[in-house]
Every structure is written in C-alpha cells, then in structure tokens.
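Spelled out from the first residue to the last, the chains are:
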Amino acid sequence: MRISGVGSALPEHRYPQEMLTQALRAYWGSRLEKPEQFERLHAHMRVATRHLAYPMARYLDFHSFGDTNAAWLEAAQQLGERAIDAALDHAGLARRDLNALIVVSVTGVASPSLDARLINRMNLRPDIKRTPIFGVGCVGGALGLSRAADHVLAYPDQTAAVLAVETCSLTLDRNDLSTANLIATGLFGDGAAAVVVSGARAKRADAQDRGPEIMASHSVFYPESEKIMGWDISENGFKIVLSPQLMDLIRANLGRDVDAFLAGRGLSRADIGNWVIHNGGPRVLEAMQEALGLDEGDAALSWSSLNRIGNLSSASVLMVLEDTVKDHRPEPGTLGVLLAMGPGFSSEMILLKW
C-alpha cells in the first residue's frame with residue numbers, strides 16, 4: 001500500500017489573526033467581559049493567519065443553523081473537488097481511477113451525504129464504494145486514511161481516496177462566550193485535504209515524489225471520555241465541547257499507546273525518524289510532544305501549519321502530510337508515524353516507510 005498523491009484546497013479569503021480577533025471583539029462588544037484577556041488568548045494560539053470559507057462580511061448574513069449548514073454544503077463541495085483533483089494530479093491519476101471515496105467532515109450535515117454530492121459533481125465512476133464519516137473531528141483525517149488503507153489492503157488492485165473538508169468558521173456560536181468557544185474562535189480555520197492510496201497491484205504513476213508506504217495502522221478508543229471534546233448539537237447548531245482534562249488524557253495515554261503499536265512490529269520510538277502530527281493547538285501539541293518525548297523540532301511542520309492556517313480539524317494532519325511529502329521528504333527508508341487524536345476520545349496512528 002502506498003500514498004500515491006496528496007493535495008489540498010484553501011479558500012481565497014485569508015485574514016491575519018489580529019483582524020479576526022478585532023472583528024469578534026467588535027461584534028461581541030460589551031458582552032465580552034474581559035476583552036484584553038480575550039485578545040491575549042488569541043495571541044497565544046500561535047496562529048498568524050487563517051482562511052475563511054466566505055468573506056468576513058458575509059458571516060453577518062447567517063442567522064440560523066440552516067443558513068450556515070447550507071453554506072457548509074456549498075463550500076465543502078467546492079473545496080473537496082479541488083483537493084481531490086490536486087491529490088489525483090499529484091498521483092498522476094484521473095477521476096475514473098478511483099474505486100473508493102471516504103469523506104470526513106464534522107462541520108456540517110447532509111443527506112444525501114457530501115460524498116454523494118461529490119460523486120455527481122465530479123462524475124466519478126458509478127461503482128465507486130463510498131463511506132461518509134461524521135463526528136470524529138480532529139482524528140478524522142488519520143482515521144479516514146486508515147480506512148482507505150484497509151480498503152486497498154482488501155482490494156490490492158484498487159485505489160481509494162480520503163477527503164477531509166472542514167468549514168470551522170461556519171460553526172461559530174455567537175451567543176457562546178465560554179472559554180472553550182473563545183479558544184475555538186482563535187484556533188480553527190477552513191480548508192480541505194485529500195490523499196490517494198494505491199493498492200499493491202493498482203495503477204499508479206511512477207513519480208519520484210510519490211508518498212510513503214503504509215506499513216500498518218492502529219486505533220485506540222478511550223472509554224468514558226465522550227465529554228473531552230466534540231459538539232453539543234441543537235436547533236442553534238454546533239456548540240463546542242472542550243475539556244481542560246484533554247491534556248491530562250494525552251499525557252497519561254499517548255506515549256504508552258504509541259509504544260505498544262510500535263512494539264507489536266518490533267520497533268520503538270527511537271526507530272522513528274519522521275513524525276506527522278495533527279496540529280491541534282499549542283497546548284495539545286505541547287502535550288503530545290511531552291507524551292512522546294519529542295521536542296518542537298520533531299513537530300516543526302505541525303507548528304508551521306498551525307501558524308499559517310490554524311487548526312483545520314480533520315484536515316490538519318493531512319495538510320502536515322502534504323507539507324512533508326512535497327517539501328520536506330525524509331531520506332528513503334526512514335520510518336514515520338502519522339498521528340491524530342479526536343472526539344471519542346480516540347487516537348489513530350499509522351506507520352509509514354519513506
């Protein structure tokens with residue numbers, strides 16, 4: 001199994017963090033009890049710029065969950081199509097070469113689901129196997145990539161694509177002034193990323209910049225942790241759930257779980273020369289580094305991605321993968337681990353060989 005193509009798509013509407021912070025401060029006005037503290041909170045996110053699905057002024061026109069969900073469906077189709085095409089182009093493949101499509105999104109809902117809309121929009125083959133995934137948040141890109149690998153392991157002559165597309169800006173609860181929501185308004189951005197995975201006997205271009213082999217994947221679910229992260233969904237839309245216990249959970253479990261995954265393949269952390277880590281935010285990244293005994297240099301691409309585009313939820317880890325594949329390729333033979341965590345609460349890890 002091999003990652004044969006990676007691509008992404010970002011909205012054209014790009015804003016400095018300071019501009020977004022000041023717009024929110026002006027919108028909330030006197031309802032914001034400690035505006036200076038709010039500004040410091042955003043400044044500490046280590047985010048310089050973020051992309052929004054729509055121009056900033058357009059958000060004042062959204063008055064209901066129906067409005068924002070319809071906007072998600074419109075933007076997600078556009079971004080999703082661009083990201084899949086970019087991944088196929090990188091792989092040297094055409095749309096008709098896809099046998100399976102896995103689509104992950106946690107920032108909107110639709111039935112028929114987003115994957116069906118994309119199949120029609122892109123005129124993908126009618127016998128394509130489709131898997132829509134909702135509710136897994138930041139772990140979604142890694143989870144979807146694992147499921148794509150599972151597909152081509154079962155069908156080695158086929159090719160699967162995973163798309164992670166999020167419009168986090170459209171989930172803003174304007175009446176929620178909780179600390180969790182104030183953090184979210186300074187952290188999350190919009191965008192999409194896609195990965196094409198080819199089976200051992202599948203058609204693929206012999207490109208020199210093709211991605212790594214997928215050697216193995218592993219999932220870990222943490223029981224009774226539903227309240228760590230996620231959404232409370234109501235007639236008002238999405239209300240973020242973000243517990244301060246998250247960092248403790250990461251520190252207590254992640255190192256042990258990665259060690260067990262590697263040990264099952266006769267490896268240890270010392271054998272890993274490349275880390276592709278979801279950029280969940282400064283405190284999350286720091287907790288993951290601490291749990292794994294890494295320094296900031298080991299997660300440099302994750303910090304860089306956070307700075308440039310913020311946290312794109314499910315798409316973030318695939319954005320870091322794209323940066324690795326296209327601009328920072330490890331030496332041939334290097335072992336890597338792709339890693340993300342998210343609502344469930346759960347971890348998803350993938351062993352790569354470059």
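Residues numbered from 1 in each chain as written. Predicted model: local features only at pLDDT ≥ 70, side-chain atom pairs only at ≥ 80, totals over all residues. Heavy atoms only, no water.

**Student:** What is the right way to look at the UniProt feature "domain: Chalcone/stilbene synthase C-terminal" (unreviewed entry) in the chain in this model?
**Tutor:** Cross-referencing UniProt, the feature "domain: Chalcone/stilbene synthase C-terminal" (unreviewed entry) maps to residues 214-353 in the present numbering. The span residues 214-353 is 36% helical and 30% strand by assignment, and the distance between its end C-alpha atoms comes to 7 Å. (UniProt positions renumbered as here; feature names shortened; annotations may be inferred. Helix = DSSP H or I, 4+ residues; strand = E, 2+ residues; numbered from the N terminus.)

**Student:** Which parts of the structure should I look at to understand helix 4 (residues 114-122)?
**Tutor:** Helical periodicity: at 3.6 residues per turn, an α-helix aligns residues three or four positions apart in one direction. All of the buried residues along helix 4 are Leu114, Asp115, Ala116, Leu118, Ile119 and Met122. On its buried face, helix 4 sits against helix 3 (65-91), strand 4 (100-104), strand 5 (129-133) and strand 6 (159-167). Once helix 4 finishes, Asn123 follows within two positions and takes phi at roughly 55°, a positive value. (Buried < 20%, exposed > 50% of the residue type's maximum accessible area, 1.4 Å probe, protein only. Contact = heavy atoms within 4.5 Å.)

**Student:** It is not clear to me how the environment of Asp67 should be interpreted in this structure. Could you clarify?
**Tutor:** Structurally, Asp67 can be placed in helix 3. In sequence terms Asp67 and Leu170 are 103 residues apart; their C-alpha atoms lie 9.2 Å from each other. Discounting residues that sit within four places of it in the chain, Asp67 has contacts with Asp61 and Phe62.

**Student:** When you look at the packing of aromatic side chains in this model, what are you seeing that I'm missing?
**Tutor:** How two aromatic rings sit relative to each other is given by the distance of their centres and the angle of their planes. The full count for this structure, using the stated rule, is 7 aromatic pairs. Aromatic pair Trp28 and Phe38: ring centres 5.8 Å apart, planes at 80°, arrangement edge-to-face. Pair noted here: Trp28 is in helix 1 (residues 17-28) and Phe38 is in helix 2 (residues 35-43), with a separation of 10 residues, a long-range link. The exposure class of Trp28 is buried, given its relative accessible area of 2%. Assessed through its relative accessible area of 1%, Phe38 is described here as buried. Arranged with centres 6.5 Å apart and planes meeting at 25°, the rings of Tyr222 and Phe345 form a pair that is stacked. Taken together, the residues Tyr222 in the loop between strand 8 (213-221) and strand 9 (229-234) and Phe345 in the loop between strand 12 (335-342) and strand 13 (346-353) connect sequence positions 123 residues apart. Phe345 matches Tyr222 in its accessibility class, with the two residues each being buried. Here Arg58 stacks its cationic end above the ring of Tyr54, 4.5 Å away from the centre of that ring. (Phe/Tyr/Trp six-rings, centres within 6.5 Å; stacked < 30°, edge-to-face > 60°. Lys NZ or Arg CZ within 6 Å of the ring centre and 35° of its normal.)

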